[in-house]
Each structure stands twice: as structure tokens, then as C-alpha cells.
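# Notes for the structure review
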Amino acid sequence: MLRRTLLGSAPAILLAGARRPWREVESILASGDFKGRLSVDDLPTPALLVDLDALDANIARMAAHCKAKKLALRPHGKTHKCPQIAKRLIAAGAVGACAAKLSEAEAFAKGGVGGLLITTAVIGEHKIERAVRLARLKPDTIFCADNAQNAADLNAAATSAGVKLNVAIDLYVGNRTGIKTGEPAAALAQTAAKLGGLRLAGLQAYAGHASHRNGFEARRALSREVMQGAVETRRMIEASGIPCPMLTGGSTGTYNIDCDIDGITELQPGSFVFMDIDYARIGGADGPVFRDFKHSLTVLTTVVSKPTDSEAVVDGGLKAFSTDKPFPPEARGIDGVAFSWGGDEHGKLNLAKASKALNVGDRVEFVIPHCDPTVNLYDRMYGVRGRQVELSWAVAARGMSQ
Ligand SMILES: Cc1ncc(COP(=O)(O)O)c(C=O)c1O
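Residues numbered from 1 in each chain as written. Predicted model: local features only at pLDDT ≥ 70, side-chain atom pairs only at ≥ 80, totals over all residues.

So, about the overall build of the protein chain. Along the backbone of the protein chain there are 14 helices and 18 strands. Relative to the 2.2 N^0.38 estimate, which gives 21 Å for 402 residues, the radius of gyration of the protein chain is 23 Å and therefore close to what a compact globule would have. Judged by the C-alpha coordinates and their principal axes, the protein chain covers about 80 × 45 × 35 Å. Scored against the burial criterion, the 402 residues of the protein chain give a buried share of 44%. (Helix = DSSP H or I, 4+ residues; strand = E, 2+ residues; numbered from the N terminus. Rg over C-alpha atoms; globule rule 2.2 N^0.38 Å. Buried ≥ 20, exposed ≤ 12 C-beta atoms within 10 Å, placed from the backbone.)

The following block contains the structure:
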């Protein structure tokens, strides 16, 4: 009845593609029980979609790889920001999850994820107080430090609270943060090992500049070169009689490179769960496109206007996709569509060479340029198989960049 009323009174544009009245969709969404009841055509757009088959294939591939190489896998949660995905990875064999920041780790802990490694140093009294609180909740959490003052501050807070904080020394391997490899890092490890409130967990070395180096051979050469200092530092620490059980690092781009560097014990890739256009462009071991992992993450939009025969406008713009890359989102399932930014809320499509027609109300799905910052734009993601929506996950650590 309601449906007939709406159909009769509203312009077709609002209802194109809808399968059931919104009030039904709303109650299914609220119930959380989607299976067999909800299609992607029912979702309000823009919507963040995760293809569950592709996600599971990516997880299985990385887990099998690490198992075969006898490496621990602690995937970076900064990509998905979602405790349910972290738990799916742990169920597949991961030892835990990395978090970029303290607040991201807090969100994972709240969501029941253990084995956390915070890959950025925790600096300042308030944050260290929170670090101690997190360690009480999840005692296996590992914190990174790259200077003696931070190690001393962590130790003081841990000692006065009566807890031990696991610490990894963050090494500078040409990318961003960290202490110089070799003597300076070994000396800091020795200092940390002597502090009663700390437990030396090992070393972290993240070479982000190597991850995205174009061409497999060039990437391999760079990663092997910069990670050598990290491996050597671990040897120096162990030679001084201090156990250094962990050397963690690596990324999606170097997962099949760092695994063969003797002395690395653990990989912390993130983007492989979703993949993005940026990563596809770096080139794989077997060709010019890196296709070891599938594009599982897309943004679903709706055509909201068709100003001319060869132009359409979708309801996803600067607020629906990250915009930090020089290439645009790519339409899935239609060839020859050129996307350009149409402002905050809109994307413009040039259809002059499109392989099929698009009309107002049609849905268009896009593979995204850069996954991490795109995920951070959404409160939820919808897990889909084909056209069916199976579940929805909160992006619980959205905005957790503190
Ligand atoms: C410290 C650290 N480790 C691992 C990763 C994962 O890298 P990727 O998403 O390229 O796999 C990142 C990503 O920025 C990172 O900052």
C-alpha cells in the first residue's frame, strides 16, 4: 500500500532500483539480520561495500603465505579499522593486529581484539596513562619507542602502576620514524631491557617507501637493502646477550620479498585485505599489474542526474572517496567510464565511450584509489556476496587518529 502510494506520488528517480519500501529496509538494517533479505539495490548510497568472497580469499592467501614461510602475521588494522575483520584475520592464523595509534588500539581492544602492536610511539603524559590502562586490559599489547626519554617515561608510568609494558624499538629504515639502526638502536634496546617496567618485545622496521616502489625487482632491491640494517641490529642485540625475539615489518607491497629476508620474524601488511588502485599500479612479480590480492572494497553510488546523453552524475564525490591520489575511482562492470570530481557530494561520469548506457537511478560501483583513508570516511561497511548484503560492520576505529 505504502509502496503504491510512493510510486504514485514520487518521481521515478527516487525509487529506481529499490526493491522494497524504505521502512522495511530500515527495520532490516536495524535488526542486523540481513541474510537473504537485503540486496545492494536496497542500500542508501554512497555505501562502502566489502565483497566477502574476495576479502576471505585475500585473508586466506596472506595467511597461507606466512604459514608457509614460518612467519607470524600481525596485519595492520589501520586499513579496515574494524574489529570484526581483525578477528577474521586472527581466526585465519594472525597473531593479533597492528594499530596505527593508541585510540585505534583502544577501539580494537574494546572490540575484543588481542595481540595488539601500536606502530606509532605513544607520547605525552595523558597518552601514556591511557597506554597503561590499555596494557591492564590487554597485557600482550606492544608499544613502540624510538628514544630513551620515551622509554623512560613508559617505564616510570608502568612502574608506578605496577604493570609491565611490552616495548618494540622502532627502527628508522629510510621511511619516517625510528632510531638509526646499528649501535644507536642496539644501545636503546639495552637500555629498555634494563628498565624494570618494560619488557623488550623486539624491533619494528617499516619501510613504507619500499612498499610502493614501482616494479617488483626495484621494490625487492630497495626492501632488501633497507631491511638489512634492521636484521643486523637484531643480531647485535642478541649477540650482547639480550633476547630480541621479534623483528616485525613489511607491507602488502613487500609481503613476498621480506618473507625471504633472514631475521625478519613477522609481517604487518594492511592493504591486502581490500586492495586499491594505488597498489594495483606498483606491478607484481608476474607482470605490470599487482594482482596477488583482489579488490574487495568498493563504493556504491547512484546516478542522480544525466545532464546530457554522454554525461552522468553520481552521488559520490570528495566526501565519498579519498582524494590523495592523482588517479580517480574506476567504475566496476562498465568499461570506458571516465570519472572526475564534481565537488563534495558528486562525481561526474563521461559516458562517451561507455560500454553500456546509464540512467538516473542506476547504481554504479567504484574500485577506490586508496583504501585506508576511504574507509575512514564511513561509519559502516556492508559485507556482500554477489547482489546480496550479508552483514554490516561498524568502522569502530573511524576517526581514531589520536
Ligand atoms: C607501520 C606500518 N606497518 C604496516 C603498514 C601496512 O602497509 P600496507 O597497507 O602497505 O600493507 C603500514 C601502512 O601504512 C604502516 O604504517
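Having seen the model, we can carry on.
Below, the discussion takes up the environment of threonine 120. For threonine 120, the location among the structural elements is in the loop between strand E4 (116-118) and helix H7 (125-137). C-beta crowding within 10 Å serves as the criterion here: with 20 such atoms nearby, threonine 120 is assigned to the buried category. Linking threonine 120 and leucine 102, residues 18 residues apart in sequence, is a C-alpha distance of 8.0 Å. Leaving out residues up to four positions away in the same chain, threonine 120 has contacts with Ala100, Lys101 and Cys144. (Contact = placed C-beta atoms within 7 Å.)

This next bit is on the nonpolar core. Ranked by size, the top nonpolar core spans 113 residues in total, and within it Phe108, Phe143, Leu154, Val167, Ile169 and Ala192 carry the most contacts. Sort the elements by how many residues they give to this core and strand E6 (residues 165-172) lands first, with 6 residues. Domain assignment of the residues forming this core places at least three in each of domain 1 (2-51 + 293-394) and domain 2 (53-276). (Core = buried A, V, L, I, M, F, W, Y, C linked by C-beta atoms within 7 Å. Domains from an automatic or database assignment.)

Mapped onto the fold, alanine 63 is located in helix H4 (residues 52-68). Overall, the presence of 18 C-beta atoms within 10 Å leaves alanine 63 in the partly exposed class. For the pair alanine 63 and alanine 396, spaced 333 residues apart in the sequence, the C-alpha separation amounts to 24 Å.

Once that is clear, we can look at the pairing of strand E8 (residues 198-205). Here is the key point about a regular strand: its side chains alternate between the two faces of the sheet. Counting buried positions along E8 gives 7 out of 8 residues, so the element sits mostly inside the fold. Here 7 bridges tie E6 to E8, and the two strands are oriented parallel to one another. Across the sheet, the residue bridging to valine 167 is leucine 200, located in E8. For E8 and strand E9 (residues 246-249), the ladder comprises 4 bridges, and the chain directions are parallel. Note on E9: the bridge partner recorded for glycine 202 is methionine 246. (Pairing = 2+ DSSP bridges.)

Glancing now at the pairing of strand E18 (residues 388-394). By the bridge criterion, 6 bridges tie strand E17 (residues 380-385) to E18 in an arrangement that is antiparallel. Bridge pairing in E18 links arginine 380 to alanine 394.

Turning next to the site of the ligand. If you check the shell around the ligand, you find 15 residues, and the closest are Tyr206, Ser251, Thr252, Gly270 and Ser271. Classifying every residue of the shell around the ligand gives 3 nonpolar, 11 polar and 1 charged. (Near = placed C-beta within 6 Å. Nonpolar A, V, L, I, M, F, W, Y, C, P; charged D, E, K, R; others polar.)

Residues separated by three or four positions in an α-helix point in the same direction, a consequence of the helix having 3.6 residues per turn. Its 12 residues give helix H9 (residues 183-194) an end-to-end C-alpha distance of 17 Å, which sits within 8% of 16 Å, the value for a rise of 1.5 Å per residue. Every buried residue belonging to H9 is among Ala185, Ala186, Leu188, Ala189 and Ala192, and all of these are buried. Across the axial projection of H9, the buried residues extend over an arc of 160 degrees, all falling on one side. Opposite the packed face of H9, turned more than 90 degrees from it, sit the exposed residues Glu183 and Lys194. (Expected span 1.5 Å × (residues − 1). Arc of directions from axis to C-beta.)

So, about the packing of H9 against helix H11 (residues 216-239). Between H9 and H11, the least distance of the axes is 9 Å, while the angle of their chain directions is 45 degrees. By the angle between their axes, H9 is oblique relative to H11. Crossing of H9 against H11: the hand is right-handed. Counted together, Ala185, Ala186 and Ala189 of H9 and Thr233, Met236 and Ile237 of H11 form the full contact between these two elements. Among the residues making up the contact of H9 with H11, the classes are represented as 5 nonpolar, 1 polar and no charged. (Axes fitted to C-alpha atoms, helices over the stretch in contact; angles between N-to-C directions. Parallel < 35°, antiparallel > 145°, perpendicular 65-115°, else oblique. Left-handed = near helix turned anticlockwise from the far one by under 90°.)

According to the domain assignment, the protein chain contains domain 1 (2-51 + 293-394) and domain 2 (53-276). A straight line from the C-alpha centre of domain 1 to that of domain 2 covers 36 Å. Between domain 1 and domain 2, the residue contacts involve 17 residues of the former and 18 residues of the latter. Here the side of domain 1 that touches domain 2 gets 3 residues from one element, more than from any other, and that element is helix H14 (residues 371-375).

This paragraph deals with unusual backbone geometry. Of the consecutive residues threonine 45 and proline 46, the connecting peptide bond is found in the cis state with omega at 0 degrees. Relative to the elements of secondary structure, proline 46 occurs in the loop between helix H3 (22-31) and strand E1 (47-51). Notably, lysine 70 is not glycine yet its phi reads approximately 55 degrees, a positive angle. On the neighbour-count criterion, lysine 70 (8 C-beta atoms within 10 Å) is exposed. At lysine 81, a residue that is not glycine, the phi angle is positive and equals roughly 55 degrees. Here lysine 81 shows up in the loop between strand E2 (72-73) and helix H5 (83-91).

The next point concerns the packing of helix H6 (residues 102-110) against H7. Geometrically, a packed helix pair is captured by the angle between its two axes and the distance between the axes. One can describe the packing of H6 onto H7 by two numbers: an axis separation of 11 Å at closest approach and a directional angle of 25 degrees. Overall, the two elements H6 and H7 adopt an arrangement that is roughly parallel. H6 and H7 meet at a crossing whose hand is left-handed. Contacts between H6 and H7 involve Leu102, Ala105, Glu106 and Ala109 from the former and Lys127, Arg130, Ala131, Leu134 and Leu137 from the latter.

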